[in-house]
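Now for the letters of each chain:
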Amino acid sequence: MRLLVLAGAGLAIPDAVITSIELGADQATPWLADLLYGQTTARTTDQPRRTLRLQGGGAVDVPATMHFVEHVTPLALSDLLRLDPRLVGIVGVVELPEGLSLICDPSELVGHGEPVQ
Amino acid sequence: MPVALGAHHVAVEALAVLEILGPREWVRIPNTRPLLPGALAWRGRAIGVLDLAPALRLPALEAPNTRGRNAVLRVDDDVVVITIDRVLEVRRASVDAIKPVHATRWLVERGVPCRGELELELERDLDTDVIPVLDLEAWASMHRSVR
């Protein structure tokens, strides 16, 4: 699996769900962390950001600090976590040099696209 | 196996313990229940982190580090890790020694099922304490059924 890592956010996104990465300009685009954690995350207006266009439509804004990692194997969630239907958009967990990160599929969070397998 | 979290003690079935780990990094997962707030990496899997602190009215676990000890436990066909401060000496207890929950009923009422409670002298020269014996199979079953 190839992942886009948002290092400061502790999040990673499968490359397969992203169609393009653009300079963030549209204030109406939802902030990924807000979709994941609810409207509780800090987001300053001058924070550099990018807009991820997603497979199947939809878009999310993310912090601009990002990099790709190749050939990573996600850690499968145990059943107690995986089978919880409230875990919308959570694909798994991955161990990266910078630490454990959640793998999420933003297309599920914005209600577009097919879940990543 | 008695374990300590803050000033509280609880016991888990020693035969369910797969491994005792030191502090580990863990990751919070949004929208999970308070007692299962996230996951840590163990043997190539992401296993649920069981944090009893909210039920004990203690400060909830903060990412990214667990408490000082983590007991990896088999629960039915799954595995969870309970994060605690200390692991105490394993004791042998007869079935008769486990009494119905009475003094520790408050823990059950906060959503943590217990098999019963034990009177134990937890540490040398300390008074005997009554500690709840967790029923993690019942907890997991409850966790699954309330989805």
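Being a predicted model, the structure only gives us computed values, none of them experimental.

Caption draft 1: Molecular detail of the side chain of Asp-78 of chain B. Tracing the chain through its elements places Asp-78 of chain B in strand β8 (residues 78-84). Asp-78 of chain B sits in the buried class, given a relative accessible area of 2%. For Asp-78 of chain B, the side chain forms a polar contact with the main-chain nitrogen of Asp-79 of chain A, separated by 3.2 Å. Among the polar contacts made by the side chain of Asp-78 of chain B, one reaches the main-chain amide nitrogen of Leu-80 of chain A at a distance of 2.7 Å. In contact with Asp-78 of chain B, not counting residues within four places along its chain, are Ser-78, Asp-79 and Leu-80 of chain A together with Arg-45, Leu-73 and Arg-144 of chain B.

Caption draft 2: Region of interest: the side chain of Asp-135 of chain B. Residues and elements named next belong to chain B. Counting through the fold element by element, Asp-135 comes out in the loop between β11 (128-134) and α2 (136-145). With relative accessibility at 16%, the residue Asp-135 sits in the buried group. In this structure, Asp-135 is in contact with Pro-113, Cys-114 and Arg-115, ignoring residues within four places of it in sequence.

Caption draft 3: Structural detail: the domain arrangement of chain B. Residues and elements named next belong to chain B. Taken domain by domain, chain B comprises domain 1 (2-87) and domain 2 (95-145). Placing the centre of domain 1 and that of domain 2 at their C-alpha centroids yields a distance of 17 Å. Each side of the interface is counted separately: domain 1 has 22 residues, and domain 2 has 19 residues. Across the interface of domain 1 and domain 2, roughly 1,800 Å² is buried in total on both sides, 68% from carbon and sulfur atoms. Per-residue buried area on domain 1 facing domain 2 is highest for His-9, Ala-11 and Asp-76; these three make up 26% of the total on that side. Inspection of the domain 1/domain 2 interface yields 3 residue pairs in polar contact (both at pLDDT 80 or more). Listed by contribution, the elements that provide at least two residues to the side of domain 1 that touches domain 2 are β2 (8-11), β7 (69-75) and β8. With 4 residues, β2 is the single largest residue contributor to the side of domain 1 that touches domain 2. The residue makeup of the side of domain 1 that touches domain 2, split by class, is 14 nonpolar, 2 polar and 6 charged.

Caption draft 4: The arrangement of the pattern of salt bridges in detail. According to the stated counting rule, one finds 10 salt bridges over all chains in the structure shown. For Arg-2 of chain A, the salt bridge identified is with Glu-70 of chain A, shortest N-O distance 2.7 Å. Within this pair, whereas Arg-2 of chain A is found in the segment before β1 (3-6), its partner Glu-70 of chain A is found in the loop between β6 (67-69) and β7 (76-77), the two being separated by 68 residues in sequence. Among the ionic pairs, Glu-137 of chain B bridges to Arg-115 of chain B, the shortest N-O distance being 2.9 Å. Residue Glu-137 of chain B is located in helix α2, and its partner Arg-115 of chain B is located in strand β10 (residues 114-121); the two are separated by 22 residues in the primary sequence.

What counts as what
Residues numbered from 1 in each chain as written. Chains lettered and ligands numbered in written order. Predicted model: local features only at pLDDT ≥ 70, side-chain atom pairs only at ≥ 80, totals over all residues. Heavy atoms only, no water. Helix = DSSP H or I, 4+ residues; strand = E, 2+ residues; numbered from the N terminus. Buried < 20%, exposed > 50% of the residue type's maximum accessible area, 1.4 Å probe, protein only. Polar contact = N/O pair within 3.5 Å; in protein donor to acceptor, adjacent residues only side chain to side chain. Contact = heavy atoms within 4.5 Å. Domains from an automatic or database assignment. Buried area = accessible area lost by both parts, 1.4 Å probe. Nonpolar A, V, L, I, M, F, W, Y, C, P; charged D, E, K, R; others polar. Salt bridge = Lys/Arg side-chain N within 4 Å of Asp/Glu carboxyl O.

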